[in-house]
Amino acid sequence: MSPNQVLNELKARYNKYMSSSPESRKLPRPCGPTQSPIAAILTCIDARVPVDDIFDNHDNSLMIARVAGNIASAEIAGSLEYASAVAGCKVIVVMGHTHCGAVASAIAQADVTNNITTLLSHIDTCGSTDAGEVTVSNIKSTCAQLENNSLLSGLISKGELMVVGALYDVESCEITWM
């Protein structure tokens, strides 16, 4: 598909969404001026990880941050700080997934562009070439990075926040909690 065809497809999907009754929409709209999220989910940009569906986010109670490899770059960490300290999320889930292209690229040490190389440098390969092992290591590493964040660690020590890892299997749709 060309970029114009994709844009037209997105517009058609949006029009279908808006023409359906509010009761049949997966997420109720319109939303009010305030939000009351209970959790933030940091996950990969991969389209095979349908976070809203996985966690039945029909009430818009989740804040979702997506980035290839579910890494906690400065911008993502800042977003999760905001989600927790300002918006009131009580749990941050770092959810990686099986068959992750970013993990495979990090293992292969892909050198595509400066931005992609920088992104991949944040993925903890733990010196392994086993994608499953690297995926789990990366989830745990990202959790540890967030748990050691100066703002988030304060909320954790007060019992106001928890950071937990999860592995989503794109074939079985099952989550393994860590």
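What you see is a predicted model; the values in this text were computed from it and never measured. (Residues numbered from 1 in each chain as written. Predicted model: local features only at pLDDT ≥ 70, side-chain atom pairs only at ≥ 80, totals over all residues. Heavy atoms only, no water.)

A.B. asks: Before we move on, could you go through the overall build of the protein and cite the residues and values that matter?
C.D. replies: Check the secondary structure of the protein and you find seven helices and five strands. Seen in sequence order, the protein has helices and strands lined up from the N terminus as α-β-α-β-α-β-α-α-α-α-β-β. For 178 residues, the compact-globule estimate of 2.2 N^0.38 gives 16 Å, and the C-alpha radius of gyration of the protein, at 18 Å, lies within 12% of that figure. With the C-alpha coordinates of the protein rotated into their principal frame, the extents come out at 50 × 45 × 30 Å. Relative to its 178 residues, the protein shows a buried fraction of 35%. A sequence separation of at least 24 residues applies to 63% of the contacts in the protein between residues at least 6 apart. Placing the 11 positive and 18 negative side-chain charges of the protein at their respective mean positions leaves the two points 10 Å apart. (Helix = DSSP H or I, 4+ residues; strand = E, 2+ residues; numbered from the N terminus. Rg over C-alpha atoms; globule rule 2.2 N^0.38 Å. Buried < 20%, exposed > 50% of the residue type's maximum accessible area, 1.4 Å probe, protein only. Contact = heavy atoms within 4.5 Å. Lys, Arg positive; Asp, Glu negative; His and termini not counted. Charge placed at Lys NZ, Arg CZ, Asp CG, Glu CD.)

A.B. asks: Can you lay out the environment of Cys126 for me, pointing to particular residues and giving the numbers?
C.D. replies: Here Cys126 is to be found in the loop between helix 5 (114–121) and helix 6 (131–147). Judged by its relative accessible area of 36%, Cys126 falls in the partly exposed class. For the pair formed by Cys126 and Val136, sequence separation is ten residues and the distance between their alpha carbons is 9.8 Å. The contacts of Cys126, once residues within four sequence positions are left out, are Glu133, Val134 and Ser137.

A.B. asks: Any details on the nonpolar core? Residues and values, ideally.
C.D. replies: Judged by nonpolar contacts, the single largest core of 30 residues is most densely connected at Ala40, Leu42, Leu80, Ile92, Val94, Ile123 and Leu146. Counting only elements with at least two residues in this core, the list comes to strand 1 (39–43), strand 2 (62–66), helix 3 (74–86), strand 3 (91–97), helix 4 (101–107), helix 6, helix 7 (150–157) and strand 4 (162–168). If you tally residues by element for this core, the top one is helix 6, at four residues. The contact partners of Ile123, leaving out residues within four places of it in the chain, are Gly69, Ile71, Ala102, Val103, Ala106, Val134 and Asn138. (Core = buried A, V, L, I, M, F, W, Y, C linked by side-chain atoms within 4.5 Å.)

A.B. asks: So what's going on with the state of the cysteines? Residues and values would help.
C.D. replies: According to the stated counting rule, one finds zero disulfides in the structure shown. There is no disulfide at Cys100, and the cysteine sulfur nearest it, in Cys44, is 4.1 Å away. Cysteine Cys126 is unpaired, with the sulfur of Cys100 as its nearest cysteine sulfur at 14 Å. (Disulfide = S-S within 2.5 Å.)

A.B. asks: Which residues make up unusual backbone geometry, and what values go with them?
C.D. replies: Although it is not a glycine, Gln109 sits at a positive phi angle of roughly 55°. Assignment of secondary structure puts Gln109 in the loop between helix 4 and helix 5. Residue class for Gln109 comes out exposed when judged on its relative accessible area of 67%. A positive phi is found at Cys173, a non-glycine position, where the angle reads about 65°.

A.B. asks: Give a description of the sheet that holds strand 4 that names residues and reports values.
C.D. replies: In any sheet, the strands associate via hydrogen bonds between backbone groups, in a parallel or an antiparallel arrangement. The strand order across the open sheet built from five strands is 2-1-3-4-5, with neighbouring strands paired in mixed fashion. With partners counted over all chains shown, the strands left at the sheet margins are strand 2 and strand 5 (175–177), one partner each. Across the sheet, the axes of successive neighbouring strands diverge by a mean angle of 25°, strand direction being ignored. As paired elements, strand 3 and strand 4 share seven bridges and run parallel to each other. Bridging from a neighbouring strand, Gly96 pairs with Leu167 of strand 4. (Pairing = 2+ DSSP bridges. Axes fitted to C-alpha atoms, helices over the stretch in contact; angles between N-to-C directions.)

A.B. asks: Tell me about helix 3, and name the residues and values.
C.D. replies: Compared with an ideal rise of 1.5 Å per residue, which puts 13 residues at 18 Å, helix 3 spans 17 Å between its outermost C-alpha atoms and is within 8% of the ideal. On its buried face, helix 3 sits against strand 1, strand 2, strand 3, helix 6 and helix 7. Directly after helix 3, the chain includes Gly88, whose backbone phi takes a positive value near 95°. (Expected span 1.5 Å × (residues − 1).)

A.B. asks: Can you explain the pairing of strand 4? Please cite residues and give values.
C.D. replies: In terms of residue burial, strand 4 counts as a mostly covered element, since six of its seven residues are buried. What sits between strand 4 and strand 5 in their antiparallel hairpin is a turn of six residues, with Cys173 showing a positive phi close to 65°.

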